[in-house]
Amino acid sequence: ISAYASAHPWEDWAETWAHYLHIMDSLETAASFGVSVNTEMTVAAPKIKPVVFHDRMNFDDLLAEWIPLTCALNSLNRGMGLADLYPFVIPAPVTEKLRFIHKVITAVSLQPLKGADA
């Protein structure tokens, strides 16, 4: 989240929201291709997780998937002589902003639609 965003509440919300969407979309895309990261750094068969990440309620689990994935993608890019795909570090205050957005999204997604037949 940029310095500009931290000085302007609306921009802060917009950048945090956009970053959350990037994380969620990337995790869902990785899962749909069967991409996962072995965090123990040992040679093992790939783990294929048929998970739709936006249905998971625990933000810490999502972040625990995100950080190793971005490290692996950055390493692949560097191996090809390219810049980091994800050149960000998520500091604690930004983690809490992302957690808040996740909390809002999951709270709203659990509510029934108005006028929907049960």
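Remember, it's a predicted structure, so these values are computed and weren't measured experimentally.

A.B. asks: Whenever I open this one, the overall build of the chain confuses me. Can you help?
C.D. replies: If you tally the helices and strands in the chain, you get four helices and zero strands. Relative to its 118 residues, the chain shows a buried fraction of 25%. Long-range contacts, defined as pairs at least 24 residues apart, comprise 62% of the intrachain contacts of the chain with a sequence gap of at least 6. Carbon and sulfur atoms form 66% of the exposed surface of the chain, whose accessible area is close to 8400 Å².

A.B. asks: What is the right way to look at the confidence of the model for the chain in this model?
C.D. replies: Should pLDDT be low for a region, the predicted coordinates there are not to be read in detail. For the chain, the average pLDDT comes to 80, and 73% of its residues sit at 70 or higher. Taken element by element, the predicted model of the chain shows its lowest mean pLDDT in helix α1 (residues 3–7) (73) and its highest in helix α3 (residues 59–79) (92).

A.B. asks: Looking at this structure, I do not really get the packing of aromatic side chains. What am I missing?
C.D. replies: Enumeration according to the criterion identifies five aromatic pairs in this entry. Plain terms: the ring middles of Trp17 and Tyr20 are 6.3 Å apart, the flat faces sit at 20° to each other, and that makes the pair stacked. With a gap of three residues between them, Trp17 and Tyr20 both fall in helix α2 (residues 9–32), about one helical turn apart. On the accessibility criterion, Tyr20 (4% relative accessible area) is buried. With 5.0 Å between their ring centres and 70° between their planes, Tyr86 and Phe88 make a pair best called edge-to-face. The class for Tyr86 is buried, based on a relative accessible area of 11%. One aromatic cluster is present, built from ring pairs that chain together Trp13, Trp17, Tyr20 and Phe100.

A.B. asks: I would appreciate a short explanation of α2 in the present structure.
C.D. replies: The α-helix winds at 3.6 residues per turn, so residues separated by three or four positions along the chain end up facing the same way. The end-to-end C-alpha separation of α2 is 34 Å, in line with the 34 Å expected for 24 residues at 1.5 Å each. For α2, every residue scored as buried is listed here: Asp12, Thr16, His19, Tyr20, Ile23, Met24, Leu27, Ala30 and Ala31. Count one or two residues on from α2 and you reach Gly34, which has phi positive near 75°.

A.B. asks: How do you make sense of the pattern of salt bridges when you look at a structure like this?
C.D. replies: If the charged atoms of two oppositely charged side chains come close together, the side chains can form a pair. Across all of its chains, the model carries four salt bridges by this definition. Its salt-bridge partner being Arg99, residue Glu96 comes within 3.2 Å of it at the nearest N-O pair. Note that Glu96 and Arg99 are positioned in helix α4 (residues 92–109) at a spacing of three residues, about one turn of the helix. Overall, the relative accessible area of 43% leaves Glu96 in the partly exposed class. On the accessibility criterion, Arg99 (26% relative accessible area) is partly exposed. Through salt bridges with shared partners, one network takes in Asp60, Glu96 and Arg99.

About the cut-offs
Residues numbered from 1 in each chain as written. Predicted model: local features only at pLDDT ≥ 70, side-chain atom pairs only at ≥ 80, totals over all residues. Heavy atoms only, no water. Helix = DSSP H or I, 4+ residues; strand = E, 2+ residues; numbered from the N terminus. Buried < 20%, exposed > 50% of the residue type's maximum accessible area, 1.4 Å probe, protein only. Contact = heavy atoms within 4.5 Å. Areas by Shrake-Rupley, 256 points an atom, 1.4 Å probe, with all protein chains shown as cover. pLDDT = per-residue confidence, 0-100. Phe/Tyr/Trp six-rings, centres within 6.5 Å; stacked < 30°, edge-to-face > 60°. Expected span 1.5 Å × (residues − 1). Salt bridge = Lys/Arg side-chain N within 4 Å of Asp/Glu carboxyl O.

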